[in-house]
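# Summary of structural features
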Amino acid sequence: MRLNPLSIHTVLGIETSCDETGVAVLQVERGKPKLLANLLYSQVTLHRKYGGVVPEVAARAHVEKLPVLLKLAENESGLRLRDLDSIAVASGPGLISSLAVGVETARTLAWALEKPLFGVNHLEGHVMANFFTRPQPKLPALCLIVSGGHTEIVLMKGFGRFVKLGRTQDDAAGEAFDKVAQILGLGYPGGPAIQKIAQGVSNITTVLPRPMLNRKNFDFSFAGLKTAVLYKTMGRRLTKAQRFELAAAFQEAVVDVLVQKTIRAAKTIRVKSVLIGGGVAANTFLRKRMRNAVQKELRGVTYHEPDLKLCTDNAAMIALAGYYRLTRGERSNWKTLRVDPTWEVQR
Ligand code: KG4
Ligand code: ZN
């Protein structure tokens, strides 16, 4: 099925790849996306006491909440599920048991309601979160994907056409934020907690390493930086102010590496725009530094970032990625769609 560009198309989006249950209703009219509903049930409080996501707990919460969100999405959008045109679901990468809840629900709906179905790559969704606002990014684009499970620099050559240029060799950036916050006793999830604390720190004196900054490739490594923070705390009783300063120094080191490596990649590969996506892309310090660096160092290249609420996991980005799959004439089969927990964004 190919779309008439003048037509109105509605997509149901479902996201359950980790610890957020998301349902969205997207309407695209003359190529312009509009969210009629974008609902999220965050499981943060369920996982907080464990200091990280417990897969079994996450999957059970998705089972409980997904039907409720589907009903709420009908109410909010004013549309019945049977009236929507297609269904998009994140089918990987992510936690296998969490993904399965969304995928099995979407397959059942696609079969029962006889709708086209799209299994969407969750990381592609994070990139597509940049395509809600106008003007849309021009391609080819360089995208920094920074989430709790992934840190990658990818080249987007076209819709659905990605080349992976670099990735983390150990911890993802978000994972490092979460672990460092745990080491410093700052709360969960660590990213927002560290950002908030760092805003109140005026003078950073601690010197932390910038891992792999001087390597020519576009890979990252954050495990050593996390250990460096741990060493600074060992055998010492840090005051609150010292812990806060250390958190700010850590954030600065991570952002330094992310920005400098992205800019270097964009200089090496000629691109028309630079994008960021994923939970860590909600970090205001990273957004500001990246915006300034692109404007200062990359002439003629535009910078784009998703709305704050479209950085962390959500179903709106999955619905939009599904819509673009539809425009390319692609489609999944409800009989054969399976979860793919290690699905790479580069096909
Ligand atoms: O994309 P996401 O919601 O889930 C995954 O696909 O992993 O990313 C979650 C990650 C968590 O590690 C969280 O600490 C981090 O994103 N995060 C942030 C911020 N908000 C969320 N990291 C830094 N600064 C933030 N403001
Ligand atoms: Zn994500």
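Residues numbered from 1 in each chain as written. Chains lettered and ligands numbered in written order. Predicted model: local features only at pLDDT ≥ 70, side-chain atom pairs only at ≥ 80, totals over all residues. Heavy atoms only, no water.

### Remarks on the site of ligand 1
- As a structural note, the neighbourhood of ligand 1 is formed by 20 residues, with Gly148, Asp178, Gln195, Gly279 and Asn283 the closest of them.
- Interatomic distance of 2.8 Å between a backbone N/O atom of Gly148 and an oxygen atom of ligand 1.
- Taking Asn283, its side chain carries an N or O atom lying 3.0 Å from a nitrogen atom of ligand 1.
- Protein contacts shield 89% of the accessible area of ligand 1, which totals 560 Å² for the unbound molecule.
- Spatially, ligand 1 is embedded in the largest pocket.
- Counting residues per element, the shell around ligand 1 draws most heavily on helix H6 (residues 190–199), at four residues.
- Residues belonging to the shell around ligand 1 are distributed by class as follows: five nonpolar, 13 polar and two charged. (Near = heavy atom within 4 Å. Polar contact = N/O pair within 3.5 Å; in protein donor to acceptor, adjacent residues only side chain to side chain. Areas by Shrake-Rupley, 256 points an atom, 1.4 Å probe, with all protein chains shown as cover. 1 Å grid on protein atoms, 1.4 Å probe; cavity = no way out; pocket = protein on both sides within 12 Å on 5 of 7 lines; lining within 4 Å. Sits in = over half its atoms within 2 Å of the grid points. Helix = DSSP H or I, 4+ residues; strand = E, 2+ residues; numbered from the N terminus. Nonpolar A, V, L, I, M, F, W, Y, C, P; charged D, E, K, R; others polar.)

### Brief notes about the sheet that holds strand E6 (residues 141–146)
- Taken in spatial order, the five strands of this open sheet run E8-E7-E6-E9-E10, and their pairing is mixed. Only two strands of the sheet have a single partner each, and these edge strands are strand E8 (161–167) and strand E10 (302–304). Adjacent strand axes in the sheet meet at a mean angle of 20 degrees when their direction is disregarded.
- Here E6 runs beside strand E7 (residues 151–158); their pairing, made up of six bridges, is antiparallel. Looking at the pairing, Ala141 lines up with Met156 of E7.
- Taken strand by strand, helix H8 (residues 240–268) contacts E6, E7 and strand E9 (273–277), and its axis lies near 155 degrees from that of E6.
- Contacts from helix H9 (residues 284–297) reach E6, E9 and E10 within the one sheet, and its direction differs from that of E10 by about 170 degrees. (Pairing = 2+ DSSP bridges. Axes fitted to C-alpha atoms, helices over the stretch in contact; angles between N-to-C directions. Contact = heavy atoms within 4.5 Å.)

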